[in-house]
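The residues making up each chain are set out below.
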Protein chains: 2
Amino acid sequence: MADELHRVVVIGGGFGGLQCARALGGKAVKVTLVDRENHHLFQPLLYQVATAGLGPASIATPIRAVFGKDRNVEVILGEAWEVDHDRKELVLRDGDRIPYDTLVVAAGAKTNYFGHENDWAPHAHGLKDLRDAIRIRERVLLSFEAAEREPDPAVRAELLTFVVIGGGPTGVEMAGAISELGRMVLAGDYRRIHPDDIRVVLCEMADRVLTPFTEDLSYEAGVMLEELGVELHLGRRVERVTENAVHFAGEDPLKASVIVWASGVKPVSFAERLGVTLGDRGRIAVDENCAVLGHPEIFAIGDIARFVPEGEEWPLPGLAPVAMQQGRHVARQILRDLKRQPRETFRYKDKGQMATIGRARAVTQTDKLSMAGLMAWFAWLFIHVLYLVGFRNRMTVLFDWFWQYVTFGRGSRLITARHDDADERPSPLLASMPGRRSRTSEANPVPGGISEIAPTRRE
Amino acid sequence: MADELHRVVVIGGGFGGLQCARALGGKAVKVTLVDRENHHLFQPLLYQVATAGLGPASIATPIRAVFGKDRNVEVILGEAWEVDHDRKELVLRDGDRIPYDTLVVAAGAKTNYFGHENDWAPHAHGLKDLRDAIRIRERVLLSFEAAEREPDPAVRAELLTFVVIGGGPTGVEMAGAISELGRMVLAGDYRRIHPDDIRVVLCEMADRVLTPFTEDLSYEAGVMLEELGVELHLGRRVERVTENAVHFAGEDPLKASVIVWASGVKPVSFAERLGVTLGDRGRIAVDENCAVLGHPEIFAIGDIARFVPEGEEWPLPGLAPVAMQQGRHVARQILRDLKRQPRETFRYKDKGQMATIGRARAVTQTDKLSMAGLMAWFAWLFIHVLYLVGFRNRMTVLFDWFWQYVTFGRGSRLITARHDDADERPSPLLASMPGRRSRTSEANPVPGGISEIAPTRRE
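Residues numbered from 1 in each chain as written. Chains lettered and ligands numbered in written order. Predicted model: local features only at pLDDT ≥ 70, side-chain atom pairs only at ≥ 80, totals over all residues. Heavy atoms only, no water.

A.B. asks: Which residues make up the overall build of chain A, and what values do they have?
C.D. replies: If you tally the helices and strands in chain A, you get 14 helices and 25 strands. Burial statistics for chain A: of 459 residues in total, 62% are counted as buried. Within chain A, residue pairs in contact and separated by at least 24 positions form 64% of the contacts whose partners lie at least 6 positions apart. In the structure as shown, chain A presents an accessible area of about 17,300 Å², 53% of it carried by carbon and sulfur atoms. (Helix = DSSP H or I, 4+ residues; strand = E, 2+ residues; numbered from the N terminus. Buried < 20%, exposed > 50% of the residue type's maximum accessible area, 1.4 Å probe, protein only. Contact = heavy atoms within 4.5 Å. Areas by Shrake-Rupley, 256 points an atom, 1.4 Å probe, with all protein chains shown as cover.)

Structure follows, in structure tokens:
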């Protein structure tokens, strides 16, 4: 019975995949959503988790919970690996095969180190999933802990220096939030750290931050960042990243305890294994209705796809609204296909863009208006909470934000880094802090033996 | 100036250490609190995190935040290693030394595998800190994910079998909560899992659960557990624990995907390195005012100490109220010492005990009354929320509980297990699930390469 239904397999439970699957819920199709994670992540607020503003559960919802009532949608935790085009089957990493009539590729993007994945990635933290965010949060908090105990002023200064590479929305939001966390929240809890000891540097190759925004808003954003105590290093190209150091051409390296990499993304590697035409930056080339070139039975949407609107030169940016609108569009096309109706051209409705710069500061830009400051922040707050999946999350987020706003508190300042054996070993994280390595490295034979899941590693 | 003050060093930010340091806040002493973690943990609710009822941040508070205003209290993130009695200095794991005039040892306990730390611990998860709780939560959730995809009925049954070893409060609470999570919350989200497929077994050596309670309440608790669908295996001694299997004398092993070890605790290893007289089970022997035998300048309180009330035979149990009352008592004695006043004898005020058995069920016992059921649960809820450190946590916990109560939802069903490289490797956790090992073990060369903190491991 159910097997006679048209089978739609959606890869990815992000903004695009989720919208597509939801739009097909209750319809006469059998939908299988495959994701490597068990939760949908509200990525625009990931930087809040990375700076202890929100707990992970506040910005993530179990994908199953979203489809609990859509009995025609099944969710599978697994990693899409490749596609058997002849048999029209999606092959998972562990070998399982899922047959499809229509395949929707919404697998998303990952941090792009532009060829330096192996040498830079270990030292400059990307921010794409909850693990990234929790890792950054822990390293920032541990830097303060180490600084509180550090006698050497030079090492101490390094421990309290944080560098964000990339002046886009994510970079701006991270730099602003780290500076605020340090100056307004943490400093008061420590006895030997003064707010002015904390240094947050934002590096951007271009001569202004937020290049997708108007020059005026970029300027406003820059001013607001400096008000928050963020040092702007504009028009400077990062030459190399090593452990706890960012190198620029012809300058002394900038030493830091935490380096965040916010310079761009690229499609996840599944795109290469899909075996179809790829556009620039490895994105999957799609036609005017989001179908993969030469494969009408496969759609690609969101960050993994390269969609160029009719008559325009540049592809759509990797934004949540683009993925969401494409997801709903593709769902419509699948239903039209079943009714033998012609496909429609996808047209992106640009609702504008916004970025937040710390507490009660933001910039918002739409075709009609552009604002900076408190009003922009309220607009940002409203929009983001509005989009959060799940009423409960909305409530929790609002509560957390309100609480932060009135108390300057941070509810999620937890360090849960795994000591290999909590009783017998010191946290390798502390060992990885500048100046402390020598003292703890022997005590910690397991290189970075940090794991939340001990059994498997002990096996 | 401040250095002329009497120096008190408190080891441990648990119930005992926190109460002691708070009682000394604002007094004419210099207090240094040392803890391996940056947060105080409300352990009685740890099982709620392990069963996705609460997020980690709801039951943990940064220790620094607690003392933000007590300028005479400083908090240090570090691991107490040994004590230099001659120089009266506490030596940390990384070599740093902290001089003291009075030392308060409140380092707590760890899971006790009774000599099987190496062979059983990897397969039977203890529940003592947030890492333990998050690990259990992820393994339970992943068992359901694997079961949803598993074609082999035998493997599937094993994937949906959960065993809790130990019928004390922790064991009873875990068994009840896992059964509820599975039957009432998760089952609905899966397409191929029926509530009756889920099997939760509670093993207890004694012939009844909750032996510290009256026989009547034990019976009531047993009935409530069975109402929740928990299988009680009473009067049966666990002979051995291997990967995914619990062995009893002369029976087939009980195969399970998750095994929780709730059979007892023992002092952390620091107790042995302290170099003082130890009582039974390696606990530090203390006199009638909580001072370590032969060391009036050192106090030991909470789970790490063995305190036998005057005229009684048995030492006080390892309960939060005992540690808290001892912490306040010791703080008073330190201040009395400074005033040259004689020390007082510690007298424990027993406020009774309680254990919860799933949603809206609990047993409560005090010298005056004993109750079981809904009223007991409300009493339990009230007491626990009351004791939670920090107003914000109280609010969040109340909100989460209320939300769960009306919706049966679970707000924290997140799996954030570290894929070594989220894009290139499957979760080793899935690899560690029964029946799946063979299929993914090659794909995952790093044994249990699960880490929330990638940099150090990549280094």
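A.B. asks: I'd like to hear about the side chain of Glu89(B), residue by residue, with values.
C.D. replies: Residue and element names in this part refer to chain B. Its location among the elements puts Glu 89 in strand E7 (residues 89-92). Within the local environment of Glu 89, its side chain forms a polar contact with the side chain of Arg 97, the two groups lying 2.4 Å apart. Other than its neighbours up to four places away in sequence, Glu 89 contacts Glu 82, Val 83, Asp 84, Arg 97, Ile 98, Pro 99 and Tyr 100. (Polar contact = N/O pair within 3.5 Å; in protein donor to acceptor, adjacent residues only side chain to side chain.)

A.B. asks: Which residues make up the pairing of strand E17 (residues 258-261) of chain A, and what values do they have?
C.D. replies: A regular strand carries its side chains on alternate faces of the sheet. Residue and element names in this part refer to chain A. Where burial is concerned, the two faces of E17 agree: the one with Val 258 and Val 260 and the one with Ile 259 and Trp 261 are both buried. Relative to E17, strand E11 (residues 161-165) is paired through 4 bridges, and the arrangement is parallel. Bridge pairing links Phe 162 to Val 258 in E17. (Pairing = 2+ DSSP bridges.)

A.B. asks: For the packing of aromatic side chains, give the residues involved together with the corresponding values.
C.D. replies: The relative placement of two aromatic rings is captured by the distance of their centres and the angle of their planes. All names here are of chain B. For the coordinates displayed, the defined rule picks out 14 aromatic pairs over all chains. Here the aromatic rings of Tyr 113 and Trp 261 are separated by 5.3 Å at their centres, their planes lie at 25 degrees, and the arrangement is stacked. Highlighted residues: Tyr 113 in the loop between strand E10 (109-111) and helix H4 (130-149) and Trp 261 in strand E17 (residues 258-261), separated in sequence by 148 residues. Each member of the pair, Tyr 113 together with Trp 261, is buried. Taking 5.3 Å as the distance between ring centres and 85 degrees as the angle between the ring planes, the aromatic pair formed by Phe 307 and Phe 346 counts as edge-to-face. (Phe/Tyr/Trp six-rings, centres within 6.5 Å; stacked < 30°, edge-to-face > 60°.)

A.B. asks: Can you explain the domain arrangement of chain A? Please cite residues and give values.
C.D. replies: Residue and element names in this part refer to chain A. Domain assignment breaks chain A into domain 1 (2-36 + 78-112 + 266-338) and domain 2 (117-263 + 352-407). The gap between the C-alpha centroids of domain 1 and domain 2 is 32 Å. Between domain 1 and domain 2 the total buried area reaches about 650 Å² when both faces are included, carbon and sulfur atoms providing 57% of it. At the junction of domain 1 and domain 2, the tally comes to 1 salt bridge. Across the pair Lys 266 and Glu 117 runs a salt bridge, and its minimum N-O distance is 3.0 Å. Between domain 1 and domain 2 we count 2 residue pairs in polar contact (both at pLDDT 80 or more) in total. Considering every element that reaches the side of domain 1 that touches domain 2, the biggest residue donor is strand E10 (residues 109-111), with 3 residues. (Domains from an automatic or database assignment. Buried area = accessible area lost by both parts, 1.4 Å probe. Salt bridge = Lys/Arg side-chain N within 4 Å of Asp/Glu carboxyl O.)

A.B. asks: So what's going on with the sheet that holds strand E6 (residues 80-84) of chain A? Which residues, and what values?
C.D. replies: Residues and elements named next belong to chain A. Taken together, 3 strands build an open sheet; the order of strands is E6-E7-E8 and the sheet is antiparallel. Only two strands of the sheet have a single neighbouring strand rather than two, namely E6 and strand E8 (97-99). The sheet shows a mean angle of 25 degrees between the axes of neighbouring strands, taken without regard to direction. (Axes fitted to C-alpha atoms, helices over the stretch in contact; angles between N-to-C directions.)

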